[in-house]
Structure formats: structure tokens, C-alpha cells
Amino acid sequence: MRTYTLLLALFITTPILAEERYSCMDQAAHRQFDFWVGSWQVTNGDGDKTYGTNTITIEEAGCLLRESWQSASGSTGSSINYFNPADGKWHQLWVDSGSSIITIAGTLVEGSMAMSGDIYYLGEARRAEFRGLWTPLPDGSVRQFFEEQDAKGQWQTWFEGFYHPWAGTKLP
């Protein structure tokens, strides 16, 4: 009787344990932002000023890109990025070490990832329209360009950084 009960319990729970999972690794839409995956040193356009380092990894069976940012001054931030088949868009949720939350979404446009949404400043309780553009460059680097809309409705540069493959050396 004890063996029968054990077999019955295994039979009942097996479909739950053997659940088939969707692999995003084989889906073209889920791979559109892979040009951003890697370990990067982020600099200004001339490359003479280092802003920080950023590591973007593929996780959750290829369904998620996770960003881990460390600025040269020591502040940190993280984002999760994913493609949502329901709306056909990439989504990013960014949270940093105490100053802002960014929620943006968009698509691949002419080879660049273009997203828009808003930024919320925690200390100021202020929200603004926000947009970002990631462009892979011929030398293997990536340009990241963010803009924020000011109170007059004008777009202002918020951040421009150039991502260069990083070998893991310490920041200056």
C-alpha cells in the first residue's frame, strides 16, 4: 500500500515537474537586443573620460537581459529588459541607487533599439518623458543616447555613453 501511495503521488505531480518551458534563445525577436550583451567600459565620445562599467547578461532561458551598472564614482543601477510578444515591444525597467526609476518600451528601428516612456526622480517626486537609443557601431562598440523632455517640451540630452568591450581591469 505504501509503494502504491508513493507511485500515485509521483504520477500526480509529474506533469507539474515536467512542465515544458518556452525557450527564448531560438526566437529572433528575443535576440534583437543581444548586441548590447557583454562586459563594457562606458566612456564619453572621445574615450578620454570613463563613466563606469556595465555588464549585460542573458538570463531566464534567453527571455531576459539583466544590466548591472557601476559608475566611476561608485553609484550603481540595474535594469531588466525583455521582449513582450503580446505587444511586440522591448521593455526596460531601470532602478538605480536612490535617484531614479526609468520605465521605457520600444522596438528595433533601422538597427538601433529605440525606447520611450518616462523617468521618475525619487528625491524630487518628479516625472518626465524619457527616451533612449542604443546603436551598435562598426567597431563592435555601442552608443547609448538618452534624452529627457523638459518643462517646455524640449528634448535635452540626459546621457551619452560609448560602450567598449571591457576586459575586467579596475577603473581609473
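Up top you'll find the structure we're talking about.
To start, this report covers the structure provided alongside it. (Residues numbered from 1 in each chain as written. Predicted model: local features only at pLDDT ≥ 70, side-chain atom pairs only at ≥ 80, totals over all residues. Heavy atoms only, no water.)

### Examining the state of the cysteines
A full pass over the atoms with the stated rule returns 1 disulfide. At a sulfur-sulfur separation of 1.9 Å, the disulfide partner of cysteine 24 is cysteine 63. The sign of the S-S torsion, about 85°, decides the handedness of the disulfide formed by cysteine 24 and cysteine 63: right-handed. With cysteine 24 in the loop between α1 (2-17) and β1 (38-43) and cysteine 63 in the loop between β2 (50-59) and β3 (64-71), this pair connects stretches of sequence that are 39 residues apart. A relative accessible area of 24% means that cysteine 63 is categorised as partly exposed. (Disulfide = S-S within 2.5 Å. Helix = DSSP H or I, 4+ residues; strand = E, 2+ residues; numbered from the N terminus. Buried < 20%, exposed > 50% of the residue type's maximum accessible area, 1.4 Å probe, protein only.)

### Re the sheet that holds β1
The antiparallel closed barrel is built from 10 strands, whose spatial order is β1-β2-β3-β4-β5-β6-β7-β8-β9-β10. Going across the sheet, the axis of each strand differs from the next one's by a mean of 25°, ignoring polarity. Summarising the sheet, strand β8 (residues 126-136) and strand β9 (residues 142-149) pair through 7 bridges and their orientation is antiparallel. Its bridge partner lying in β9, threonine 135 is registered against arginine 143. (Pairing = 2+ DSSP bridges. Axes fitted to C-alpha atoms, helices over the stretch in contact; angles between N-to-C directions.)

### With respect to a nonpolar patch on the surface
Among the surface-exposed residues, Ile80, Tyr82, Leu93 and Val95 lie close enough to one another that they form a single nonpolar patch of about 280 Å² accessible area. Those elements that place two or more of their residues in the nonpolar patch are β4 (76-84) and β5 (89-96). Here tyrosine 82 is to be found in strand β4. A relative accessible area of 30% means that tyrosine 82 is categorised as partly exposed. (Patch = residues over 30% accessible without salt bridge, like charges linked within 9 Å, V, L, I, M, F, W, Y side chains within 5 Å. Areas by Shrake-Rupley, 256 points an atom, 1.4 Å probe, with all protein chains shown as cover. Salt bridge = Lys/Arg side-chain N within 4 Å of Asp/Glu carboxyl O.)

### Regarding the pattern of salt bridges
Under the counting rule described, the total for this entry stands at 8 salt bridges. In this structure, the salt-bridge partner of arginine 31 is aspartate 34, at a minimum N-O distance of 2.6 Å. Judged by its relative accessible area of 17%, arginine 31 falls in the buried class. Among the salt bridges present, the one from arginine 66 reaches glutamate 59, with a minimum N-O distance of 2.9 Å. A relative accessible area of 32% places arginine 66 in the partly exposed class.

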